Amino acid sequence: MLWTLLKVILFVFFIAALTYGAGVLLDTGGGIRIAVAGWEFSLEPLQAVIVSLLLVVSLWVLFKVVSFLVAVLRFLSGDETAISRYFDRNRERKGYQALTEGLLALASGEGQVAMARAQRAERYLAKPDLTNLLMAQSAEAAGDTKRAAEAYKRLLADDKTRFVGVRGLMKQKLAEGDTDTALKLAEKAFAMKPRHAETQDILLRLQADHADWKGARLTLGAKLKAGELPRDVYRRRDAVLALQEAKTVFDDSASIEAREAAIEANRLSPDLIPAAAMAARSLVAKGDRKGATRVLKKAWTVHPHPDLAAAFAEIEPEETPTARIKRFKVLTDVQPAHEQTRLLQAELHVSAEDFPAARRSLGDIVTTHPTQRSLAIMAAIARGEGEDDSVVRGWLTRALTAPRGPQWCCDKCHAIHAQWHPICDNCGGFDTLSWREPPETSGPSATGTELLPLIVGQPTPPQPDPAPEPLTAEDADIIVTQPRPD
């Protein structure tokens, strides 16, 4: 609207300037006298200006006529394309001008204007690789997906533009949600340009969505060869894909291949907790309990985790609680001060009904870092030691409002997952789940559970064992004078 008003103002200003100039020339005295071959012409200033303009136009027309006559003479002398080249030069000039205007309109976000210029350039130029590409992008900018698809399909006919056409159709199918067709187009685009970074990322994501883990590993290898991934990141992500491939093989009940894939995933990334747990279960199924213990111990050294403890318990499922405490020293002696190790020891002692030992293992965790798990263990200890029901209920009500502790959280969107997955269900991020504490939000809950401790009662905080009283002189005399047993 503002640009239209500005053009109207400029037009009015131009007409006013011309009128003013013509008036000045009319009021100016004198003139121009031209004498040629006995002819004499007297021109006033305004007439001289008009004659000068007519002379310039006549020279331009004369130049065009001479150029056309030269083309005709060349045609008559045997150059069959002279006349066609003469007209083609004019068409190319108009076509390239329309092409330039279309590109500028496309860069400015004017899709409809760019489409009009693309159609004009298509009429004048015999270059479908340029005009079809401009038409496709202009139609996309204008929201005309049907015309854009037609333009991309025309690009498939030329070897030079086939990749651009496939890529454009692939993005259209992704926008439409047709991931099956988009996967096929991505595979074709990857076959044409294996080192294209954007195509690699799209193909990898689509293969992961379709559970094509074997193909995804090949694509990931291509990214490494192209220099798009550091080697340590490649090894980690390849381990993630190998782990998912192992899970797929497990689902198909092919135990031998599953063992190989799971162990391969653990070899590629020993710190990947699900890979270590699955590799240990594969070795147990194979009968190699020592190998499973070695794998879990190595993973526990890097990062203690409840899933590793659960897999370690499955090595000897029929053992007694006392024997289990003794066998679990392989893990608990590695990082004894770690919180997960102390919680594991407390749970083992609760299972063995050794509640004082469970309380000692738990220590001050319920006060320094209370979580649902630690408070629930504390409630079990209180129940086992014969505390009042109000005390047990107090610990349980605190557990309802306590933080959940470490969870599988997405590093991109912070979504919480009950189990580890290679792809975040919320944001679609690949290998973004890590075992950490999610950010806690403050404020009252919808159910008002934060009021339960006030209603039920507060639990009695765990008290440390009382220190022994110092010996007095009288106690020493009693100990010394007491008769020794035979």
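Presented here is a report on the structure given in the accompanying data block. (Residues numbered from 1 in each chain as written. Predicted model: local features only at pLDDT ≥ 70, side-chain atom pairs only at ≥ 80, totals over all residues. Heavy atoms only, no water.)

What follows deals with the environment of Asp364. By the element assignment, Asp364 lies in the loop between α19 (355–362) and α20 (365–368). Within polar-contact distance, the side chain of Asp364 engages the side chain of Arg342 at 3.2 Å. (Helix = DSSP H or I, 4+ residues; strand = E, 2+ residues; numbered from the N terminus. Polar contact = N/O pair within 3.5 Å; in protein donor to acceptor, adjacent residues only side chain to side chain.)

Below, the discussion takes up the packing of helix α21 (residues 372–384) against helix α22 (residues 389–401). Where α21 meets α22, the closest approach of the two axes is 8 Å, and the angle between their N-to-C directions is 170°. Taken together, the axes of α21 and α22 lie roughly antiparallel to each other. Along its contact with α21, which presents Gln372, Leu375, Ala376, Met378, Ala379, Ala382 and Arg383, the element α22 presents Asp389, Val391, Val392, Trp395, Leu396, Arg398, Ala399 and Leu400. In terms of residue class, the contact of α21 with α22 is made up of 11 nonpolar, 1 polar and 3 charged. (Axes fitted to C-alpha atoms, helices over the stretch in contact; angles between N-to-C directions. Parallel < 35°, antiparallel > 145°, perpendicular 65-115°, else oblique. Contact = heavy atoms within 4.5 Å. Nonpolar A, V, L, I, M, F, W, Y, C, P; charged D, E, K, R; others polar.)

So, on to unusual backbone geometry. Leaving glycine aside, a negative phi is the common case for residues, and trans is the common case for peptide bonds. For Glu353, which is not glycine, the phi torsion reads 60° and is therefore positive. Considering the arrangement of structural elements, one finds Glu353 in the loop between α18 (339–351) and α19. Its relative accessible area of 61% is what places Glu353 among the exposed residues. (Buried < 20%, exposed > 50% of the residue type's maximum accessible area, 1.4 Å probe, protein only.)

Looking now at the pairing of strand β5 (residues 433–436). Burial along β5 is one-sided: Leu433 and Trp435 are buried, and none of Ser434 and Arg436, which face the opposite way, are. Two elements, strand β3 (residues 407–410) and β5, share 4 bridges in a ladder whose sense is antiparallel. Paired with Cys409 across the strands is Ser434, a residue of β5. (Pairing = 2+ DSSP bridges.)

Moving on to the side chain of Thr219. Counting through the fold element by element, Thr219 comes out in helix α10 (residues 213–225). Using a relative accessible area of 2% as the deciding quantity, one classes Thr219 as buried. Residues contacting Thr219, with those up to four places away along its chain left out, are Gln200, Leu203, Leu204 and Gln207.

All right, on to a positive patch on the surface then. Where like charges cluster on the molecular surface, the positive patch consists of Arg91, Arg93, Lys94, Arg120 and Arg123. If you list the elements that add at least two residues to the positive patch, you get α3 (82–107) and α4 (111–124). Considering every element that reaches the positive patch, the biggest residue donor is α3, with 3 residues. On the secondary structure map, Arg93 appears in helix α3. (Patch = residues over 30% accessible without salt bridge, like charges linked within 9 Å, V, L, I, M, F, W, Y side chains within 5 Å. Areas by Shrake-Rupley, 256 points an atom, 1.4 Å probe, with all protein chains shown as cover. Salt bridge = Lys/Arg side-chain N within 4 Å of Asp/Glu carboxyl O. Lys, Arg positive; Asp, Glu negative; His and termini not counted. Charge placed at Lys NZ, Arg CZ, Asp CG, Glu CD.)

One pass over the structure, following the stated rule, counts 2 aromatic pairs. The interplanar angle of 70° and the centroid separation of 5.4 Å between the aromatic rings of Trp408 and Trp435 together place this pair among those described as edge-to-face. Note that Trp408 is positioned in strand β3 and Trp435 in strand β5, a separation of 27 residues in sequence. For the residue pair Trp408 and Trp435, the accessibility class agrees, reading buried in each case. (Phe/Tyr/Trp six-rings, centres within 6.5 Å; stacked < 30°, edge-to-face > 60°.)

Before going further, it helps to spend a moment on the environment of Leu218. Among the structural elements, Leu218 can be located in helix α10. Residues Leu218 and Leu204, spaced 14 residues apart in sequence, show a C-alpha to C-alpha distance of 9.2 Å.

Bringing the pairing of β3 into the picture now. On a regular strand, one side chain projects to one face of the sheet and the next to the other, so that they alternate. By the alternation rule, side chains of β3 split into Gln407 and Cys409 and Trp408 and Cys410, which are all buried. The pairing of β3 with strand β4 (residues 416–417) spans 2 bridges and is antiparallel. Paired with Trp408 across the two strands is His417, which belongs to β4. Between β3 and β4, which pair antiparallel one after the other, the connecting turn spans 5 residues, and His414 there sits at a positive phi close to 65°.

In an α-helix there are 3.6 residues to a turn, and that puts residues three or four apart on one side. Among the residues of helix α15 (residues 306–313), those classed as buried are Leu308, Ala309, Ala311, Phe312 and Ala313. Contacts made by the buried residues of α15 are with α13 (273–286), α14 (289–302), α16 (321–327), α17 (329–332) and α18.

Going through the model one piece at a time under the given rule, you end up with 18 salt bridges. Residue Glu198 pairs with Lys171 through a salt bridge whose shortest N-O separation is 2.8 Å. On the criterion of sequence distance, the pair formed by Glu198 in helix α9 (residues 197–209) and Lys171 in helix α7 (residues 162–176) is long-range, its members being 27 residues apart. With its nearest N and O atoms 3.3 Å apart, the salt bridge here joins Arg236 to Asp431. With Arg236 in helix α11 (residues 231–251) and Asp431 in the loop between β4 and β5, this residue pair connects regions lying 195 residues apart in the sequence. With relative accessibility at 17%, the residue Asp431 sits in the buried group. Here the residues in one salt-bridge network are Arg167, Lys171 and Glu198, joined through shared partners.

This brings us to the packing of α7 against helix α8 (residues 179–192). Remark: α7 packs on α8, axes separated minimally by 9 Å, with the N-to-C direction vectors making an angle of 155°. When the axis of α7 is compared with that of α8, the two are roughly antiparallel. Relative to α8, α7 is oriented so that their crossing is left-handed. When α7 is examined against α8, the residues Arg162, Phe163, Val166, Leu169, Met170, Lys173 and Leu174 are found in contact with a partner set consisting of Thr181, Ala182, Leu185, Ala186, Lys188, Ala189 and Met192. (Left-handed = near helix turned anticlockwise from the far one by under 90°.)

Worth remembering: the numbers are spatial, not functional.
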